Amino acid sequence: MFKIKKKIEKPKRTVLYNIVEDYSEFDAPGNVTVCAMTEAEDLSAHAKILSESYEVPLETMMRLLTEGGTYVYTEVGGLLTRGLFACWIDPSSQAPKQTWTLDLMQFAEAEQLVRTKVVPLLDAAHEIFRKTLPDELKTKLEQKNLGLDYRTLDRAVAKGGDIKYIDFRKDWSPHFKRLCIMPDGRLVETGGLEEFAELHGITVTQAKILIEQGGTLDVNGEVLACQIVNGQPAVARFSAQNSAKAKDLVASKGIHIMDALSEVGYADSTMMRGLARKTLSTRP
């Protein structure tokens, strides 16, 4: 007798974004990753992911994504340690739904604007957030669909039609990818701490500390380094040979290990090969 194998369909991974533009190299606090979606919004999935990402209660997030508004983070030990989360919905329905966060300094500016201009907090948060963004992004936000030429977009993205929502994100999220330079020059994408930790054979706790604080971590004779640039993590993994060279530079020149690793990395043609290809591929 022959056994008939049942085809087990794996659940599809939630896709929140199909357009991603990186502005993380811009000066803080305007350093964001623009994550947009042309397909219809899956409200429950969208709310669930944002709720987990920003530690906003799920019911509150559902309401915000439905009605728009702000969520001000509660005090911890009598101190306000975080600003606010905002969702703006264009009353005219001409622009896509947009979400973002304000840090404490921006939140203070928004509150000041509320008092001086007597405007709602959401309007103040919208004004404060927009003014920090790079000029290129400000210009794109004034244009339909970020000014994208749909003739050049992937067909699967273009067929969704207009952009439905934009999340201006700064976190290390499973729903958009960040690059890591590997010793052999490959640029490997990972999304989320778990995937990043799995790639490098470290614990999620180690990954979280490295990504949030920067620094170096010894991994099987190699060194995983993370430098925080404008509040965003830039990651590279160095071979044992390059790690040794960097440590020699620290000893001989008295420079910081991160500077030494950068010097060694830039001098390594193999490591730089992937970056060179990426730069060429993104030129207009």
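Residues numbered from 1 in each chain as written. Predicted model: local features only at pLDDT ≥ 70, side-chain atom pairs only at ≥ 80, totals over all residues. Heavy atoms only, no water.

### A closer look at the overall build of the chain
- Regarding its fold elements, the chain presents 11 helices and 11 strands.
- Each of the 284 residues in the chain was classed as buried or not, and the buried ones make up 42%.
- Contacts spanning at least 24 positions in sequence make up 45% of the contacts within the chain whose residues lie at least 6 apart.
- Per element, the accessible surface of the chain, about 16,700 Å² overall, is 54% carbon and sulfur. (Helix = DSSP H or I, 4+ residues; strand = E, 2+ residues; numbered from the N terminus. Buried < 20%, exposed > 50% of the residue type's maximum accessible area, 1.4 Å probe, protein only. Contact = heavy atoms within 4.5 Å. Areas by Shrake-Rupley, 256 points an atom, 1.4 Å probe, with all protein chains shown as cover.)

### So, the nonpolar core
- Membership of the largest hydrophobic core comes to 26 residues, with the highest contact counts inside it found for V32, V34, W100, L137, I166 and F168.
- Elements that contribute at least two residues to this core include exactly strand 1 (19–23), strand 2 (32–37), strand 4 (84–88), strand 5 (97–102), helix 3 (104–117), helix 4 (121–132), helix 5 (135–141) and strand 6 (165–169).
- Looking at this core, the element that brings in the most residues is helix 4, giving 5 residues.
- Residues contacting I166, with those up to four places away along its chain left out, are V34, C35, A36, P96, K97, Q98, T99, L141 and L146.
- Counting residues in hydrophobic clusters, the runner-up holds 17 residues, among them M37, I49, L65 and Y73. (Core = buried A, V, L, I, M, F, W, Y, C linked by side-chain atoms within 4.5 Å.)

### Section: the sheet that holds strand 2
- The strand order 1-2-6-5-4-3 describes an open sheet built from 6 strands, whose pairing is mixed. The open sheet has two edge strands with one neighbour each: strand 1 and strand 3 (69–72). With strand direction ignored, the average angle separating the axes of adjacent strands in the sheet is 15°.
- Sheet analysis places strand 2 next to strand 6, joined by 5 bridges and oriented antiparallel. For V34, the partnering residue across the bridge sits in strand 6 and is F168.
- Strand contacts of helix 2 (residues 58–67): strand 3, strand 4 and strand 5, with the helix running at about 155° to strand 3, the strand carrying the most contacts. (Pairing = 2+ DSSP bridges. Axes fitted to C-alpha atoms, helices over the stretch in contact; angles between N-to-C directions.)

### Digging into the pattern of salt bridges
- Evaluated as defined, the whole model comprises 14 salt bridges.
- In this structure, E41 engages K97 in a salt bridge whose closest nitrogen and oxygen atoms are separated by 2.8 Å. With E41 in the loop between strand 2 and helix 1 (43–54) and K97 in strand 5, this residue pair connects regions lying 56 residues apart in the sequence.
- Residue D135 pairs with K138 through a salt bridge whose shortest N-O separation is 3.9 Å. (Salt bridge = Lys/Arg side-chain N within 4 Å of Asp/Glu carboxyl O.)

### Describing the packing of aromatic side chains
- Per the stated rule, a full pass over the model turns up 5 aromatic pairs.
- Their ring planes at 45° and their centres at 5.3 Å tell us that Y54 and F85 sit as a pair that is tilted. Here Y54 is found in helix 1, whereas its partner F85 is found in strand 4, with 31 residues between them in sequence. Each member of the pair Y54 and F85 is classed as buried.
- Among the aromatic side chains, those forming a connected cluster through ring pairs are W100, F129 and F168.
- The ring of Y73 has R82 sitting right over it, with the charged end atom 4.0 Å from the ring centre. (Phe/Tyr/Trp six-rings, centres within 6.5 Å; stacked < 30°, edge-to-face > 60°. Lys NZ or Arg CZ within 6 Å of the ring centre and 35° of its normal.)

### Considerations on the packing of helix 1 against helix 2
- Running from N to C, helix 1 and helix 2 cross one another at 125°; their axes reach a closest spacing of 9 Å. On the basis of the axis angle, helix 1 is oblique to helix 2. Regarding helix 1 and helix 2, the two cross each other, and that crossing is right-handed. Contacts from L43, S44, H46, A47, K48, L50 and S51 of helix 1 reach helix 2 at L58, M61, M62, L65 and T66.
- Considering only residue class, the contact of helix 1 with helix 2 consists of 7 nonpolar, 4 polar and 1 charged. (Parallel < 35°, antiparallel > 145°, perpendicular 65-115°, else oblique. Left-handed = near helix turned anticlockwise from the far one by under 90°. Nonpolar A, V, L, I, M, F, W, Y, C, P; charged D, E, K, R; others polar.)

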